[in-house]
Amino acid sequence: MVDILVVGGGPAGLSAAVNALARGRSCAVVGNDYRLNPLYKTKAVDNYLGMRGLSGAQMLARMRGEAEQ
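Rules behind the numbers
Residues numbered from 1 in each chain as written. Predicted model: local features only at pLDDT ≥ 70, side-chain atom pairs only at ≥ 80, totals over all residues. Heavy atoms only, no water. Helix = DSSP H or I, 4+ residues; strand = E, 2+ residues; numbered from the N terminus. Contact = heavy atoms within 4.5 Å. Areas by Shrake-Rupley, 256 points an atom, 1.4 Å probe, with all protein chains shown as cover. Lys, Arg positive; Asp, Glu negative; His and termini not counted. Charge placed at Lys NZ, Arg CZ, Asp CG, Glu CD. 1 Å grid on protein atoms, 1.4 Å probe; cavity = no way out; pocket = protein on both sides within 12 Å on 5 of 7 lines; lining within 4 Å. Points joined across faces, edges and corners; volume = space filled by probe spheres on them. Expected span 1.5 Å × (residues − 1). Buried < 20%, exposed > 50% of the residue type's maximum accessible area, 1.4 Å probe, protein only. Arc of directions from axis to C-beta.

Chemist: Before we move on, can you summarise the overall build of the protein with the specific residues and values?
Modeler: When helices and strands are tallied, the protein shows two helices and two strands. Along the protein, from the amino end to the carboxyl end, the secondary structure elements read β-α-β-α. For the protein, the spread of C-alpha atoms along the principal axes amounts to about 40 × 25 × 15 Å. When contacts within the protein are restricted to residue pairs at least 6 apart in sequence, long-range pairs at least 24 apart make up 27% of them. Per element, the accessible surface of the protein, about 5,000 Å² overall, is 52% carbon and sulfur. Separation of charge centres in the protein, based on 8 positive and 5 negative side chains, amounts to 5 Å.

Chemist: Quick one: what's the story with the layout of surface pockets, residue by residue and with numbers?
Modeler: What the largest pocket holds in volume is close to 150 Å³. Along its surface, the largest pocket is lined by Pro11, Leu14, Ser15, Val18, Asn19, Met51, Arg62, Met63 and Glu66. Of all the secondary structure elements, the ones that give two or more residues to the lining of the largest pocket are helix H1 (11-22) and helix H2 (56-68). Considering each element in turn, the lining of the largest pocket owes the most residues, five residues, to H1.

Chemist: How would you explain H1 if you had to name every residue and give the values?
Modeler: Helix length check: H1 (twelve residues) gives 16 Å between terminal C-alpha atoms against 16 Å at 1.5 Å per residue, within 8%. Taken together, the buried positions of H1 are Gly13, Leu14, Ala17 and Ala20. Buried residues in H1, looked at end-on, bunch into an arc of 125 degrees, giving them a common side. Residues of H1 that are exposed and point more than 90 degrees away from the buried face comprise Ala12 and Ala22. Its buried side turned inward, H1 meets strand S1 (4-7), strand S2 (27-30) and H2. A positive backbone phi angle near 80 degrees is found at Gly24, which sits one or two residues after H1.

Here it is, written out as structure tokens:
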């Protein structure tokens, strides 16, 4: 049993999960394999603050790491 169930493990879903946990709520994220996310296949992304020039796979890995912490 969790307080919040987030559907989708992309940037928005992971951000929602991190924010839920920061506010003292328990949370679970349900989504497809992150390698199926269209962002994963992107070679370089230049419009995410603090992550300029990373590939989509690198960005998702950082986001997943942050959410898992």
